[in-house]
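In case you want the letters, here they are:
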Amino acid sequence: MERKELIKRWYISYFPKVASFISKRGGTLEDAKDIFQESLVILYEKKNTEFNLNEDAYLFGICKNLWFKYSNNTSKFQNGNMDFPELLEPSVDENRLIKLLNSAGKKCMRLLQRFYYDNQKTEIIREEFGFSSNHSTAVQKYKCLEKIRETVKQNSLKYESFFE
């Protein structure tokens, strides 16, 4: 398929979903266009390799990651010197959240802490935990998250359940 046709197909198929995602998170149509165009470049480069990928999931994943990175950076500049009253943010019931995370086990708790709290790279975590490959490390992280999701599902917990 010719490059122009391929990019046009991606725009028609995926841009509305991406624009909706960004809009729901406070972004503008211009933000969505910028993020989508950057994502297309990344996807097109990957498409030209021998890497077999699910375009929809991969493109949307790229867009989400770019949006989160973009929105975090811009919010730092926009909120730089502004103080917001603490009343605007609900306080998290940390004990309940920790209890939920602990339900997956100490090893899972440590693994997730290394990924999300300490922002450690997969290679470092793999060595620390003795996993055989980066893939098995990612799979183990997924299994830990699934344990927590299952606990949430079994207890019919909702997002609001973790706020006081």
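Described in the following lines is the structure provided in the data block. Every value quoted in this text rests on a predicted model; they were computed, and no experiment measured them.

Concerning the environment of Arg149
In step 1: Residue position: Arg149 is located in helix H7 (residues 134-154).
In step 2: Judged by its relative accessible area of 45%, Arg149 is partly exposed.
In step 3: Counting along the chain gives 45 residues from Arg149 to Ala104, while the straight-line C-alpha distance between them is 9.6 Å.
In step 4: Looking at Arg149, its side chain comes within polar contact range of the side chain of Glu146, at 2.6 Å.

Re the packing of helix H5 (residues 106-117) against helix H6 (residues 122-129)
In step 1: H6 packs onto H5 with a crossing angle of 155° between their chain directions and a minimal axis gap of 10 Å. Taken together, H5 and H6 sit at an angle that is classed as roughly antiparallel. Where H5 crosses over H6, the two elements pack in a sense that is right-handed. Where H5 approaches H6, its residues Lys107, Arg110, Leu111, Arg114 and Phe115 are matched on the opposing element by Thr122, Ile124, Ile125, Glu128 and Phe129.
In step 2: Taken together, the residues that form the contact of H5 with H6 break down as 5 nonpolar, 1 polar and 4 charged.

Brief notes about the state of the cysteines
In step 1: What the rule picks out here adds up to 1 disulfide.
In step 2: A disulfide bridge connects Cys108 with Cys144, and the sulfur atoms are separated by 2.1 Å. Here Cys108 and Cys144 share a disulfide; its torsion about the S-S bond, -75°, makes the bridge left-handed. Remark: Cys144 occurs in helix H7 and Cys108 occurs in helix H5; sequence separation between them is 36 residues. By the burial criterion, Cys108 is buried, and Cys144 matches it.

Points about the packing of aromatic side chains
In step 1: A full pass over the atoms with the stated rule returns 8 aromatic pairs.
In step 2: On the numbers, 5.5 Å between centres and 40° between planes, the contact of Trp67 with Tyr70 is tilted. Placement of both Trp67 and Tyr70 in helix H3 (residues 55-78) is noted, with a separation of 3 residues, approximately one turn of the helix.
In step 3: Over the ring of Phe60 we find Lys17, and its NZ or CZ is 4.7 Å from the ring centre.

Notes on the nonpolar core
In step 1: With 19 residues, the main nonpolar core has Trp10, Val18, Ile22, Ile35, Phe36, Leu59 and Cys63 as its most contacted residues.
In step 2: Only helix H1 (3-24), helix H2 (29-47) and H3 provide two or more residues apiece to this core.
In step 3: Looking at this core, the element that brings in the most residues is H1, giving 8 residues.
In step 4: If sequence neighbours within four positions are ignored, Leu59 has contacts with Tyr14, Phe36, Ser39, Leu40 and Leu43.
In step 5: Listed in part, the 11 residues of the second largest apolar core include Cys108, Leu111, Phe129 and Phe131.

Criteria and thresholds
- Residues numbered from 1 in each chain as written.
- Predicted model: local features only at pLDDT ≥ 70, side-chain atom pairs only at ≥ 80, totals over all residues.
- Heavy atoms only, no water.
- Helix = DSSP H or I, 4+ residues; strand = E, 2+ residues; numbered from the N terminus.
- Buried < 20%, exposed > 50% of the residue type's maximum accessible area, 1.4 Å probe, protein only.
- Polar contact = N/O pair within 3.5 Å; in protein donor to acceptor, adjacent residues only side chain to side chain.
- Axes fitted to C-alpha atoms, helices over the stretch in contact; angles between N-to-C directions.
- Parallel < 35°, antiparallel > 145°, perpendicular 65-115°, else oblique.
- Left-handed = near helix turned anticlockwise from the far one by under 90°.
- Contact = heavy atoms within 4.5 Å.
- Nonpolar A, V, L, I, M, F, W, Y, C, P; charged D, E, K, R; others polar.
- Disulfide = S-S within 2.5 Å.
- Phe/Tyr/Trp six-rings, centres within 6.5 Å; stacked < 30°, edge-to-face > 60°.
- Lys NZ or Arg CZ within 6 Å of the ring centre and 35° of its normal.
- Core = buried A, V, L, I, M, F, W, Y, C linked by side-chain atoms within 4.5 Å.

These figures capture arrangement, not role.
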